[in-house]
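# A look at the structure
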Amino acid sequence: MEWIVFLLVAATAVVTAVGLVVRPNPLHGALFLVGNLFCVAVLFLMLRAEFLALAQVIVYAGAIMVLFIFAIMLLIPGRAESGPDALARARRLAVPVAAALGLTVLLVAGRTAGPAAQAAPGGVETIGRLLFTDYLFPFEVTSLLLLAALVGALTLAKRRTSP
Amino acid sequence: MSVPPAYYVGLSAILFAIGVAGVLVRRNPLVIFMAIELMLNAANLAFVAFGRVHGAADGQIIVFFVMTVAAAEVAVGLAIIVAIFRARHRINVDDLALMRW
């Protein structure tokens, strides 16, 4: 039963990822990416990471993708990749390079992962405790990072009012 | 019968490679950004799978931080793309050789 779900979700994830790369319209790509994020959320659930599955749906598929779609709607899509391609010859190498990289990672990482531990890592309670004890400093730095990103995005997107 | 974590790691390697191909092939910076998100997501999946191998929640904590950094990165990156589009009225990454020496 778990195998069937895994194979279905994995196949959907790969298909949506390829769709993101292949489709010329960025809006279609964004919808494919949303599908891919949902697939990964299901995989998180199967790995007993319930908190991350929820955060994935809310933060990624909810907030970040809305930002993406907003930007795509704001900048006229479809016209971006017209015109002559100056790097066409170099681009022919892209897919072999990516395939070689993926194969390398597959060989190295697939060998290092052993069988699953008996005990699941624990739910929200464990994560919350770790986050506010061992990982308290990175957590606080994260808040600083988000503040910096907020100010930076505002400064970049603001219209210049000077003459 | 449960699926061993090695299969999740393999899937994450495949998704990462597709993301790399997207970054290299496409010319629209928005699509390149989305391919980067795909790669981050694949790395997250590998983190959670390895956390499941060791029975520790630390992998999930790192995924939490990766999500936060990704949110910040998207906000700043999209603001930069919008600013470039406003200044030059086209967003082709090959045209953006402004800072090339």
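Residues numbered from 1 in each chain as written. Chains lettered and ligands numbered in written order. Predicted model: local features only at pLDDT ≥ 70, side-chain atom pairs only at ≥ 80, totals over all residues.

## A look at the confidence of the model for chain B
The cut-off we apply is this: For every residue, the predictor reports its confidence as pLDDT, a number between 0 and 100. Under the scheme used here, helices are H or I runs from DSSP no shorter than 4 residues and strands are E runs no shorter than 2 residues, and both carry numbers assigned from the N terminus.
When pLDDT is averaged along chain B, the result is 86; 89% of the residues meet or exceed 70. Ranking the elements of chain B by mean pLDDT puts helix 3 (residues 58-88) of chain B last, at 88, and helix 2 (residues 29-54) of chain B first, at 91.

## Observations regarding the interface of chain A and chain B
Going by this rule: By the convention adopted here, residues are in contact when the distance between their C-beta atoms, placed from the backbone, does not exceed 7 Å.
Counting from both sides, the interface comprises 73 residues of chain A and, opposite them, 68 residues of chain B. Here the side of chain A that touches chain B takes 12 residues from helix 3 (residues 50-74) of chain A, the largest share from any one element.

## Section: the domain arrangement of chain A
Worth spelling out the cut-off: Each domain span listed reflects an automatic or database assignment of domains.
On domain assignment, one finds that chain A holds domain 1 (1-78) and domain 2 (123-154). For domain 1 of chain A and domain 2 of chain A, the distance between their C-alpha centroids amounts to 24 Å.

## Side note on the packing of helix 3 of chain A against helix 2 of chain B
Applicable threshold: Angles shown run from 0 to 180 degrees and are taken between the N-to-C directions of axes, each axis being a line fitted to C-alpha atoms and, for helices, limited to the stretch in contact. Convention used here: angles under 35 degrees read as roughly parallel, angles over 145 as roughly antiparallel, angles from 65 to 115 as roughly perpendicular, and any remaining angle as oblique. Here the nonpolar group is Ala, Val, Leu, Ile, Met, Phe, Trp, Tyr, Cys and Pro; Asp, Glu, Lys and Arg are the charged ones; every other residue, Gly included, is treated as polar.
Contact geometry of helix 3 of chain A with helix 2 of chain B gives a least axis separation of 12 Å together with a crossing angle of 175 degrees. In terms of orientation, helix 3 of chain A and helix 2 of chain B fall into the roughly antiparallel class. Only L30(B), M34(B) and V48(B) of helix 2 of chain B make contact with helix 3 of chain A, whose side of the interface consists of L52(A), F68(A), A71(A) and I72(A). When the residues that make up the contact of helix 3 of chain A with helix 2 of chain B are grouped by side-chain class, the tally is 7 nonpolar, no polar and no charged.

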